[in-house]
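Letter by letter, the chains look like this.
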Amino acid sequence: MKAPTMRMVSMRLKMMIHIHNEDEDIQRKVVKAFIKEYIDDPNEDYVPCPPEMVEKFGVMTPVKGLTNAQKEAVAEWLWEQF
Ligand code: HEM
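What you see is a predicted model, and the numbers here were worked out from it, not measured in a lab. In this numbering scheme, every chain counts its residues from 1 along its sequence in written order. The predicted origin of the model limits local features to residues at a pLDDT of at least 70 and limits the giving and counting of side-chain atom pairs to 80 or more, whereas totals for whole chains, interfaces and linings rest on all residues. Think of the side-chain values as coming from all heavy atoms in the structure, minus any hydrogens and water.

Novice: Explain the packing of helix 1 (residues 6-16) against helix 4 (residues 68-79) to me, and be specific about the residues and the numbers.
Specialist: Lines are fitted to the C-alpha atoms to define the axes, a helix being fitted only along its stretch in contact, and any angle between axes, read from their N-to-C directions, falls within 0 to 180 degrees. Counting from the N terminus, the helices are DSSP H or I runs at least four residues long and the strands are E runs at least two residues long. Taken N-terminus to C-terminus, the directions of helix 1 and helix 4 make an angle of 85°; their axes are 9 Å apart at the nearest point. With respect to helix 4, the axis of helix 1 lies roughly perpendicular. Counting all contacts with helix 1, which are made through Met-6, Val-9, Ser-10, Leu-13 and Lys-14, the residues of helix 4 involved are Trp-77, Leu-78 and Trp-79. Across the contact of helix 1 with helix 4, the residue classes break down as six nonpolar, one polar and one charged. Every angle not falling under 35 degrees, over 145, or within 65 to 115 is termed oblique; those three ranges are roughly parallel, roughly antiparallel and roughly perpendicular. Contact between two residues is taken to exist if any of their heavy atoms lie within 4.5 Å; hydrogens are not considered. Residues are grouped as follows: Ala, Val, Leu, Ile, Met, Phe, Trp, Tyr, Cys and Pro are nonpolar; Asp, Glu, Lys and Arg are charged; all remaining types, including Gly, are polar.

Novice: Give me the packing of aromatic side chains: which residues, what numbers.
Specialist: A pair of Phe, Tyr and Trp rings is counted when the ring centres sit within 6.5 Å of each other, with Trp represented by its six-membered ring. The angle between the planes then sorts it: under 30 degrees is stacked, over 60 is edge-to-face, the rest tilted. Counting across every chain of the model gives one aromatic pair. Between Phe-34 and Tyr-38 the ring centres are 5.7 Å apart and the planes differ by 15°, which places this aromatic pair in the stacked class. Of this pair, Phe-34 and Tyr-38 both sit in helix 2 (residues 24-40), separated by four residues, roughly a single helical turn. In this scheme, Lys NZ or Arg CZ marks a charge over a ring once it lies within 6 Å of the ring centre and within 35 degrees of the ring normal. A cation over a ring is seen here: Lys-14 above Trp-79, with NZ or CZ 3.9 Å from the ring centre.

Novice: Break down the site of the ligand for me, with residues and values.
Specialist: Lining the immediate surroundings of the ligand are 14 residues, of which Lys-2, Ala-3, Pro-4, Gly-58 and Met-60 lie closest. Pairing of N or O atoms within 3.5 Å defines a polar contact, subject to two protein rules: one partner must be a possible hydrogen donor and the other a possible acceptor, and residues neighboring in sequence count only if both atoms are side-chain atoms. Between Lys-2 and the ligand, the recorded distance is 3.4 Å, taken from a side-chain N or O atom to an oxygen atom. For each structure, a 1 Å grid was placed over the protein atoms alone; sets of points admitting a 1.4 Å probe that cannot get out are labelled cavities, open sets with protein on both sides within 12 Å along at least five of seven lines are labelled pockets, and lining residues have an atom within 4 Å of a point. A molecule is counted as occupying a cavity or pocket when more than half of its atoms fall within 2 Å of that pocket's grid points. Here the ligand is seated within the largest pocket. Ranked by residue count, the leading element in the shell around the ligand is helix 2, at three residues. Tallied by class, the residues present in the shell around the ligand amount to 12 nonpolar, one polar and one charged. Here a residue is near a molecule or strand as soon as one of its heavy atoms is found within 4 Å of it.

Novice: Could you give an account of the packing of helix 1 against helix 2, naming the residues involved and the relevant values?
Specialist: Two elements in contact, helix 1 and helix 2, have axes whose closest approach is 10 Å; the angle formed by their N-to-C orientations is 120°. The orientation of helix 1 with respect to helix 2, classified from their angle, is oblique. Crossing handedness for the pair helix 1 and helix 2: right-handed. Listed contacts from helix 2 to Leu-13, Lys-14 and Met-16 of helix 1 are Gln-27, Val-31, Phe-34 and Ile-35. A clockwise turn of the near helix away from the far one marks a right-handed crossing, whereas an anticlockwise turn of less than a right angle marks a left-handed crossing.

Structure (structure tokens):
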């Protein structure tokens, strides 16, 4: 394996980003915004997986050049994984 499973990343994101009144529409918006930013700017302070996984895989290299529509598709797909 080169990276954690995307199902695990999806679960982690939903745990990390918890909305106080549990409004799923707001959570979806915030999680998807995080994902779209993370694709080309994976910040090592906010890696969406447990620390052991960061040790094992490191922080991913930025994926440059996706259009906003492509990032939106990735974000929507990842949201749906868990
Ligand atoms: C918001 C969460 C994440 C998103 C949206 C994301 C997105 C992506 C995308 C779009 C690629 C390129 C895939 C391709 O070129 O076919 C990629 C590659 C990769 N990501 Fe992430 N990723 C996420 C989280 C992570 C995490 C948490 C790790 C590891 C700690 C990770 C490790 C990697 C690695 C190692 C690759 C390169 C895989 C290869 O060499 O084929 N990613 N990621």
